[in-house]
Amino acid sequence: PKRNDSIVPLAATIAAPEVVEKEKVEAEDCEQLAKSLVNASPLEIMDKALEKFGNDIAIAFSGAEDVALIEYARLTGRPFRVFSLDTGRLNPETYQFFDTVEKHYGIRIEYMFPDSVEVQALVRSKGLFSFYEDGHQECCRVRKVRPLRRALKGLRAWITGQRKDQSPGTRSEIPVVQVDPVFEGLDGGIGSLVKWNPVANVDGRDIWNFLRAMNVPVNSLHSQGYISIGCEPCTRPVLPGQHEREGRWWWEDAKAKECGLHKGNIKQEDAAQLNGSG
Ligand code: SF4
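What counts as what
- Residues numbered from 1 in each chain as written.
- Predicted model: local features only at pLDDT ≥ 70, side-chain atom pairs only at ≥ 80, totals over all residues.
- Heavy atoms only, no water.
- Near = heavy atom within 4 Å.
- Helix = DSSP H or I, 4+ residues; strand = E, 2+ residues; numbered from the N terminus.
- Nonpolar A, V, L, I, M, F, W, Y, C, P; charged D, E, K, R; others polar.
- Polar contact = N/O pair within 3.5 Å; in protein donor to acceptor, adjacent residues only side chain to side chain.
- Contact = heavy atoms within 4.5 Å.
- Pairing = 2+ DSSP bridges.
- Axes fitted to C-alpha atoms, helices over the stretch in contact; angles between N-to-C directions.

**Q** What's the story with the site of the ligand in this structure? I'm lost.
**A** Near the ligand you find Phe131, His136, Cys139, Cys140, Arg143, Lys144, Cys231, Cys234 and Trp249, and these make up its full shell. The biggest single contributor to the shell around the ligand is helix α7 (residues 137-152), with 4 residues. Residues belonging to the shell around the ligand are distributed by class as follows: 6 nonpolar, 1 polar and 2 charged.

**Q** Explain the side chain of glutamine 137 to me, please; I cannot follow it from the model alone.
**A** Following the sequence through the fold, glutamine 137 ends up in helix α7. A distance of 3.2 Å separates a polar atom in the side chain of glutamine 137 from a polar atom in the side chain of histidine 136.

**Q** So what exactly am I meant to see when it comes to the environment of isoleucine 57 here?
**A** Checked against the element boundaries, isoleucine 57 lands in strand β1 (residues 57-60). Not counting residues within four places of it along the chain, the set of residues in contact with isoleucine 57 comprises Ala49, Leu50, Arg81, Leu155, Ala157, Trp158, Ile159 and Trp196.

**Q** Teacher, can you tell me more about the sheet that holds strand β2 (residues 82-85) here?
**A** Across a sheet, strands are paired by hydrogen bonds formed along the backbone, either parallel or antiparallel in direction. If you walk across this open sheet you meet the 6 strands as β3-β2-β1-β4-β6-β5, and the pairing is mixed. Looking at strand neighbours, the two that pair on one side only are β3 (110-112) and β5 (177-179), the edges of this open sheet. When strand polarity is set aside, the average angle formed by the axes of neighbouring strands in this sheet is 30°. In the sheet, β1 pairs with β2 via 2 bridges, with the strands oriented parallel. For isoleucine 59, the partnering residue across the bridge sits in β2 and is valine 82. Each of β2, β3 and β4 (157-159) is contacted by α7, which is oriented at about 160° to β2, the strand it contacts most.

Structure below.
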């Protein structure tokens, strides 16, 4: 027993600094990369992301204008992976669009589904529309955040369509690449996943110009006035001049309008309100 006593603390003191060191290197790496790519085009950023992470990176595709990410990936000529969260509550138009995108690009989207036991428990106890009564956090946690967490646990990096102009309140400081502040990657622990945001600095209008110029298929909901697209019960069209986030969870306070997928964008005091959604 005496021998064991001396081994355990020694192992502990060796292991701890290694982990910290690795996280620090990743963070410094990302900061350097972000700096070097600050004036890069989305295509250049996408190319760098796919080059660096190969099969360990995937595009998170929501079924909206983030289809631009898939077009950029195609243009790099590199192989790429795409995953989507099928919450079970998407508009029929979005399912149609997923199918169109699969055919257009000759790809299979890797769908992530919620845990059936968790959805069943939520719906049986609170009904199908509990989010209108007590907020969207619980339903989003079950249908989106946990499936996303599972998807990311199999990756070293992911690619999002987040843009600074989407939500001035929560997305104004998004770098083009960062260590994911919320989710874990394949190697486990916060700091083990890199998050790429190739269109962070791009204006929404430029995304649309790009989609038109490249003849990319788009979700037919856009022609019905939808800008932001999410689940059917929680998304509605906006009027001209209204901000796109006004079409999401419109019955809730503006600060709470991150569903947990990008919770790291929310500053400390606001994140407290969302406690448990990640
Ligand atoms: Fe549930 Fe609405 Fe969140 Fe979709 S957006 S997971 S329906 S609360």
